[in-house]
Each structure stands twice: as C-alpha cells, then as structure tokens.
Amino acid sequence: MKLTKEDIKSYLLTLPKLELDSLIKELQDFTKTSSLASCKLSRREMLNNKQGSCPHCEHLKYVKLGFDKGAQRYKCKSCKRNFTEYTGTWMAGIHKKNKIDEYMELMLQEKSLDKIKEELKINKKTAFDWRHKILSSIEETDKDSFTGITESDETFLLFSEKGKRTLSRKGRKRGTNSKKRGVSDEQVAVIVTADRTGQRELSVATLGRIRKIDIEKSIGSRICEKTVLCSDSHVSYKGFALDNTLEHHALRADLKQHVKDGVYHVQHVNSMHNRLKKWLNDQFWGVSTKHLQQYMNWFRMKETLKTTAEPQTELAKRTILDVKARARYFEIDDKYKLIISSQN
Ligand SMILES: [Zn+2]
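> Please explain the overall build of the protein chain as it appears in this structure.
In terms of helices and strands, the protein chain carries 13 helices and 8 strands. Counting only C-alpha atoms and orienting by the principal axes, one finds that the protein chain spans roughly 80 × 60 × 45 Å. Burial status across the protein chain gives 29% buried among its 344 residues.

> I'm lost on the pairing of strand β4 (residues 148-158) in this one. Help?
Side-chain direction in a regular strand flips from residue to residue, so the side chains alternate between the two faces of the sheet. Alignment of β4 against strand β7 (residues 227-232), held across 4 bridges, turns out to be parallel. Paired with glycine 148 across the two strands is threonine 227, which belongs to β7. Inspection of the sheet shows β4 paired to strand β5 (residues 187-195) by 9 bridges, in the antiparallel sense. The residue of β5 that forms the bridge with glutamate 154 is isoleucine 191.

> Would you take a moment to explain helix α10 (residues 292-305) for this structure?
For an α-helix the count is 3.6 residues per turn, leaving residues at separations of three or four pointing the same way. Compared with the 20 Å implied by 1.5 Å per residue over 14 residues, the 20 Å span of α10 between its first and last C-alpha is a close match. With 11 of 14 residues buried, α10 is to be regarded as a mostly interior element.

> Which parts of the structure should I look at to understand the sheet that holds β5?
Pairing between the strands of a sheet is mediated by backbone hydrogen bonds and can be parallel or antiparallel. An order of β6-β5-β4-β7-β8 is seen for the 5 strands of this open sheet, with the pairing classed as mixed. Edge strands, defined here as strands with exactly one partner in the open sheet, are β6 (200-207) and β8 (247-251). For this sheet, the mean angle separating the axes of adjacent strands, direction not counted, is 25 degrees.

> I keep staring at the packing of helix α4 (residues 100-108) against helix α5 (residues 113-120) and nothing clicks. Help me out?
Where α4 meets α5, the axes come as close as 10 Å, and the angle between the chain directions of the two elements is 150 degrees. On the basis of the axis angle, α4 is roughly antiparallel to α5. Considering the relative orientation of α4 and α5, their crossing is right-handed. Contacts between α4 and α5 involve Glu102, Tyr103 and Leu106 on the former and, on the latter, Ile116, Glu119 and Leu120. Here the residues of the contact of α4 with α5 sort into 4 nonpolar, no polar and 2 charged.

Parameters and conventions
- Residues numbered from 1 in each chain as written.
- Predicted model: local features only at pLDDT ≥ 70, side-chain atom pairs only at ≥ 80, totals over all residues.
- Helix = DSSP H or I, 4+ residues; strand = E, 2+ residues; numbered from the N terminus.
- Buried ≥ 20, exposed ≤ 12 C-beta atoms within 10 Å, placed from the backbone.
- Pairing = 2+ DSSP bridges.
- Expected span 1.5 Å × (residues − 1).
- Axes fitted to C-alpha atoms, helices over the stretch in contact; angles between N-to-C directions.
- Parallel < 35°, antiparallel > 145°, perpendicular 65-115°, else oblique.
- Left-handed = near helix turned anticlockwise from the far one by under 90°.
- Contact = placed C-beta atoms within 7 Å.
- Nonpolar A, V, L, I, M, F, W, Y, C, P; charged D, E, K, R; others polar.

Laid out in structure tokens, this is it:
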C-alpha cells in the first residue's frame, strides 16, 4: 500500500504532541545535514567570523555596515571602500538568489539544463549562465606547486561551436571525425598535468599543436625545484624543462617506451584524458570550445574531491571563496578569442 501525503499527515496528527515535536526536530536535522551547505549563508558567516578579506584590496580588517538590499554590507578599514557578501563572487548580480542553493545541488548532481529549468522555473539561458559563473569561481582554488614526479601531456578535442546559432566555421556532424589527418586547427589542445600528491591542472591551450609558451602559461607558475617533469619527447616540453632547469624524463613513444625506470610515465594523465572525454560525451554530449575551460575546472574539482566524504558540499564551499570569480566569468569571451587567434 502506498501512503499519500494526506495519509501521513492525518496519522502524524494522531501522535502525542511531544512525540510529534521530537519527530519534527529529527526531520529538520536530517534535511540540514543531508543538503548542501548554503552558499549564501556560509559566505556571510565566513565574513562575519573575520575569515574573509576585502574584495577590493585584500585587507583583512573590515567592519559591518548595515545591509544593502538584503545583503550584509561591510566597510574596509584600509581602502575605505564598501562591499557586500556578494561583491566579486559568482553570486554578485544574480537576481533569484533564493534559488542558488537548489540550483547548486541540481548542478552538482549533473542534472541537465532542461531538467534544472523545469525544476526551478528559471529559463535555460539563466541555468546555463549560472553554471558558468559557478565554474569560473573554482578556476583558481586548490592550486599548489607540483612536487615530485609530475606527468604532463596534451590531449585533443574537436573544435566545437555548440550552442551558437550561426557558425563561423563549417559544422560537422556529431561523432564524425575530423577529416584532416594528424593534428590540425580543427582540434583544441588541452594540457593535462598531475603530480602524484593530487595536484592537477587542465588548461585549454590552443588550436593545433602546443608550443612551449602554452606549457609555460598552463603550469609555469606552479612548478618548483621539487618538480620532476615527465612528458613525451616533444620539443616544446624539452624547451620548457630546459628554460626552467627542471629534472625532466622524456618518454620516447616512437620507440614504444611507455615507462622509464619503473616510475617515470604519463599513464595517470593519459587515463585522465580518457575519463575526461567520456564525461564530456556522456554528460553533455560534447561542449563548446568557448566554454571548455569551465568544464575543465569542473572536471579538475571532481577529481580532486573524489575521495572526500561529501564532494558536493566541498565543491559548493569552494565556490564562495573567490572574489575574482565574477570578473573571470566576464573574461570568457576574450580568452576564447585568444584561443581562436592562436591557430598556427
Ligand atoms: Zn579594501
């Protein structure tokens, strides 16, 4: 027999008041712990607990200064400028803030935009924009130097203008392969780097073959004297390692050399390439090159948080830390133009 909501309600009302109260309390606690940490609330808490900094100048001292349209406002003691709990974050400028937490939960369950549109009664464009605002906010979190054996290798994805109404290049049927042989400018190079302590980087680099400068841009700021680079024997990697005086182990794929001395190889990043491609195809049916970096941010976080107990909550918490997120979101177009103009 299936109970309806009415059945349950009329049964509950027969319970003694004390029992009913304690049941209500239990249910409330249950929903609190099972749902995600509220993004809005936790950012305000963080700032109120003096764990934040001024989004304008990064100074650590600020005071509360009333409210601005429902948002907690603060004043920086150094630059004297005001800011709110949303300033600079991906949540700034979003109108339906009451839907943020529900949205986050659906997004992290990897529900489709259509499903989110239906559930939250927001339009699909909004659902799409929020996704990329959120993904822009995790681009720079969890990034430390690469230490020890650090594998780096590029993989290629087909250039795509998915979602664009008028294509500036000739479209291709989904699933069909690029006609040109080898690496062409129809392919987008993504540089994937990972050490064995859990540090990762996935960068959309260029159209066609990668150059030394692409590697420099992707991981140049994250190498240190403890980085031991493993890559193929491509000249770009050799040049990059030389420039930075890194210990470098280049594998000769042409000689079927896949592992050197038992430990030097790029098999972890190659298996990441495969997981990445499968995820993009299975979950999104491919994504546009313009937004590819945001999906790389998502994938990197997924991999980083795989072993944590509550990856969804952890991911949600990270999205409120970055006060450069909004600015980064508005750079998507310019960065895309750079990639397109990079074809060689
Ligand atoms: Zn300031």
